[in-house]
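# Overview (structure and organization)
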Amino acid sequence: MKKIKRLVIPVLTAAFGVGLFSATSVYALRDIDPIDFYVSYSYDKDVPGDAYKVHDGQTDAGKYVVNLTESPGSANVTTTLHNVDHAYRGSGIVQRGTRASFYNVGYAGYTYHLNLKRTYSGGDIYVKGSWSPDSQD
């Protein structure tokens, strides 16, 4: 006679909220912050606000993502991820009008901010879109 193993997964349902939480882990929703200002080649500009990181940056879900699809034009923008002490955690280049994600050395459970700078010399350029320290929920 074959024995059948049962898999019991404890699941808690929030009584006054929406969502399911397993007994072993709880995931927060990723932060998505707006980008809406001019950047130059001369200096880095901080995107206002900080964002909480849910996943480690070495994973696909933990890539930081910059979405400049609302920005017309073709100029490249250098992006740099920093922790709250302004220590470097990763960088990448995204072209206006596109979206890109980048691996980084940021860890889950910490807060990060983003700097933007025009990649090549020229006048100031307008960038509009959003960014997140995590590419997936």
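Residues numbered from 1 in each chain as written. Predicted model: local features only at pLDDT ≥ 70, side-chain atom pairs only at ≥ 80, totals over all residues. Heavy atoms only, no water.

### Overview of the side chain of Asn 115
- By the secondary structure assignment, Asn 115 is in strand S10 (residues 111-118).
- Taking the relative accessible area as the measure of exposure, Asn 115 reaches 2% and is therefore buried.
- Separated by 2.5 Å, the side chains of Asn 115 and His 82 make a polar contact.
- When neighbours within four sequence positions are excluded, Asn 115 is seen to be in contact with Asp 44, Lys 45, Asp 46, Thr 78, Thr 79, Thr 80, His 82 and His 86. (Helix = DSSP H or I, 4+ residues; strand = E, 2+ residues; numbered from the N terminus. Buried < 20%, exposed > 50% of the residue type's maximum accessible area, 1.4 Å probe, protein only. Polar contact = N/O pair within 3.5 Å; in protein donor to acceptor, adjacent residues only side chain to side chain. Contact = heavy atoms within 4.5 Å.)

### Topic: the confidence of the model for the chain
- On average, the chain scores 84 in pLDDT, and the residues at 70 or more come to 79%.
- Predicted confidence is poor over residues 1-26, with pLDDT under 50, and the contacts of this stretch with residues over four places away or in other chains come to 11 contacts. (pLDDT = per-residue confidence, 0-100.)

### Some words on the pairing of strand S11 (residues 125-132)
- Across the eight residues that make up S11, a large majority, six, are buried.
- Alignment of strand S6 (residues 64-67) against S11, held across three bridges, turns out to be antiparallel. Each bridged residue has a counterpart across the sheet, and for Val 65 the counterpart in S11 is Ser 132. (Pairing = 2+ DSSP bridges.)

### What about the packing of aromatic side chains?
- Counted under the stated rule, the structure contains two aromatic pairs.
- Where Tyr 38 meets Tyr 126, the ring centres are 5.3 Å apart and the plane angle is 55°; that geometry is what we call tilted. On the criterion of sequence distance, the pair formed by Tyr 38 in strand S3 (residues 33-39) and Tyr 126 in strand S11 is long-range, its members being 88 residues apart.
- Its relative accessible area of 27% is what places Tyr 126 among the partly exposed residues.
- Taken together, a centroid distance of 5.2 Å and an interplanar angle of 45° make the contact between Tyr 64 and Phe 102 tilted. Separated by 38 residues along the polypeptide, Tyr 64 in strand S6 and Phe 102 in strand S9 (residues 99-102) bring together distant segments of the chain.
- Of the residues examined, Phe 102 reaches a relative accessible area of 13% and is grouped as buried.
- Residue placement shows Lys 117 over the ring face of Tyr 41; its charged tip is 5.7 Å from the ring centre. (Phe/Tyr/Trp six-rings, centres within 6.5 Å; stacked < 30°, edge-to-face > 60°. Lys NZ or Arg CZ within 6 Å of the ring centre and 35° of its normal.)

### Describing the environment of Arg 96
- Tracing the chain through its elements places Arg 96 in the loop between strand S8 (88-95) and S9.
- Here the alpha-carbon distance between Arg 96 and Lys 128, two residues 32 residues apart in the chain, equals 8.7 Å.
- For Arg 96, the residues in contact, after removing those within four places along its chain, are Leu 68, Ser 71, Pro 72, Gly 73, Ser 74, Ala 75, Val 77, Ile 125, Tyr 126 and Val 127.
- A polar atom in the side chain of Arg 96 sits 3.2 Å from the backbone oxygen of Pro 72.
- Side-chain polar atoms of Arg 96 contact the backbone oxygen of Tyr 126, separated by 3.0 Å.

### A word on the pattern of salt bridges
- Taken as a whole, this structure holds one salt bridge when the rule is applied.
- The closest approach of N and O atoms between Lys 53 and Asp 134, which form a salt bridge, is 3.4 Å. Of this pair, Lys 53 sits in the loop between strand S5 (51-52) and S6 while Asp 134 sits in the segment after S11; the two residues are 81 residues apart in sequence, bridging distant segments of the chain. Just as Lys 53 is buried, Asp 134 falls in that class too. (Salt bridge = Lys/Arg side-chain N within 4 Å of Asp/Glu carboxyl O.)

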